[in-house]
Each structure stands twice: as C-alpha cells, then as structure tokens.
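Results of the structural survey
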Amino acid sequence: MPITPTPITAAIAGIFAGVAMPLIWPKLGDETMYWVFAFLLVIALPMHVLVVGTKPMQTAEGRAGIDGAVLKRVAIWLVAGIASVALMKIVTA
C-alpha cells in the first residue's frame, strides 16, 4: 500500500514521537534491546512511513539526491516533535 507523505503526515509523525517517547522513556530501564525497539517503533518507523513515504520514486533524477519536499517534511517532523516534547514537559510539570 503506497503512502504519499505530506506536511500533515510529517507533523503527525513528529507529534506521535514527541508525545510517546517521553512517556515510555522512564519505563525502558537499562535493557538495551528495549531502547532499540522503542526507537524503531516510536521514531524510525513513523518517520519513514509518514515523512519519507513508501512509494518508490519513478524518475531517475529523483534517485540522485534528496529533494526539497523531503527536506521540508523532515523539518516539519522535527519541529512538531520538539514542540510536542516541550508541551509534554509543560503539561506534566
């Protein structure tokens, strides 16, 4: 199922990571595998699907490098994630 990423889906991925990771962070403990799985499930998977997308590039020029739309979505993802972490700190304080 191809998913076309948009700035909205990038913001959703950032908000999800920004809210979920601080909530599960204290529960992870010292077990390294928990940290790896948490990172993959909470940050890497939503970021890849909702920011980068699952639809393969159709043009040869798109494969040569990263385009401006992807950079914009990554920036939106980062800003949404940082804003969500800041909001979570304010709400839980």
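Note that the structure is a prediction, hence the values are computed from the model and not measured.

Okay, the packing of helix H2 (residues 32-52) against helix H4 (residues 68-92) next. Two elements in contact, H2 and H4, have axes whose closest approach is 10 Å; the angle formed by their N-to-C orientations is 140 degrees. The orientation of H2 with respect to H4, classified from their angle, is oblique. Our pair here, H2 against H4, has a crossing hand that is right-handed. Residues Ile 43, Met 47, Val 51 and Val 52 of H2 form the contact with H4, whose own contacting residues are Arg 73, Val 74 and Trp 77.

Here the focus is a nonpolar patch on the surface. A contiguous nonpolar surface patch, about 660 Å² in accessible area, is contributed by Met 33, Val 36, Phe 37, Phe 39, Leu 40, Leu 41 and Leu 45. Position of Leu 40 relative to the elements: it lies in helix H2.

This paragraph deals with the packing of aromatic side chains. Any aromatic ring pair is given by two values, namely how distant the centres are and how the planes are angled relative to each other. On inspection of all chains with the given rule, the structure shows one aromatic pair. Residues Trp 25 and Trp 35 carry aromatic rings whose centres are separated by 4.9 Å and whose planes lie at 85 degrees to one another, so their mutual orientation is edge-to-face. Here the residue Trp 25 occupies a position in the loop between helix H1 (7-24) and H2, and Trp 35 occupies one in helix H2, the gap between them amounting to ten residues. According to the relative accessible area criterion, Trp 25 is partly exposed, its value standing at 49%.

Moving on, we get to the environment of Ala 75. With respect to the element layout, Ala 75 can be found in helix H4. Residue class for Ala 75 comes out partly exposed when judged on its relative accessible area of 39%. Remark: the alpha-carbon pair of Ala 75 and Val 51, spanning 24 residues in sequence, is separated by 9.8 Å.

Following both chains from N to C, one finds H1 and H2 inclined at 170 degrees, their axes separated by 8 Å at the closest point. With respect to their mutual orientation, H1 and H2 come out roughly antiparallel. Contacts between H1 and H2 involve Thr 9, Ala 10, Ile 12, Ala 13, Phe 16, Ala 17, Ala 20, Met 21 and Ile 24 from the former and Trp 35, Ala 38, Leu 41, Val 42, Ile 43, Pro 46, Leu 50 and Val 51 from the latter. Of the residues contributing to the contact of H1 with H2, the split by class is 16 nonpolar, one polar and no charged.

Turning next to H2. Residues spaced three or four apart along an α-helix face the same direction, because each turn holds 3.6 residues. Along H2, the sharpest change in direction is near 35 degrees and occurs at Leu 40. Those residues of H2 lying buried are Ala 38, Val 42, Ile 43, Pro 46, Met 47, Val 49 and Val 51. Where H2 is buried, its residues meet H1 and H4.

Definitions and limits used
- Residues numbered from 1 in each chain as written.
- Predicted model: local features only at pLDDT ≥ 70, side-chain atom pairs only at ≥ 80, totals over all residues.
- Heavy atoms only, no water.
- Axes fitted to C-alpha atoms, helices over the stretch in contact; angles between N-to-C directions.
- Helix = DSSP H or I, 4+ residues; strand = E, 2+ residues; numbered from the N terminus.
- Parallel < 35°, antiparallel > 145°, perpendicular 65-115°, else oblique.
- Left-handed = near helix turned anticlockwise from the far one by under 90°.
- Contact = heavy atoms within 4.5 Å.
- Patch = residues over 30% accessible without salt bridge, like charges linked within 9 Å, V, L, I, M, F, W, Y side chains within 5 Å.
- Areas by Shrake-Rupley, 256 points an atom, 1.4 Å probe, with all protein chains shown as cover.
- Salt bridge = Lys/Arg side-chain N within 4 Å of Asp/Glu carboxyl O.
- Phe/Tyr/Trp six-rings, centres within 6.5 Å; stacked < 30°, edge-to-face > 60°.
- Buried < 20%, exposed > 50% of the residue type's maximum accessible area, 1.4 Å probe, protein only.
- Nonpolar A, V, L, I, M, F, W, Y, C, P; charged D, E, K, R; others polar.
- Bend = angle between axes of the 7 residues up to and from the residue.

This is a description of form; function is not addressed.
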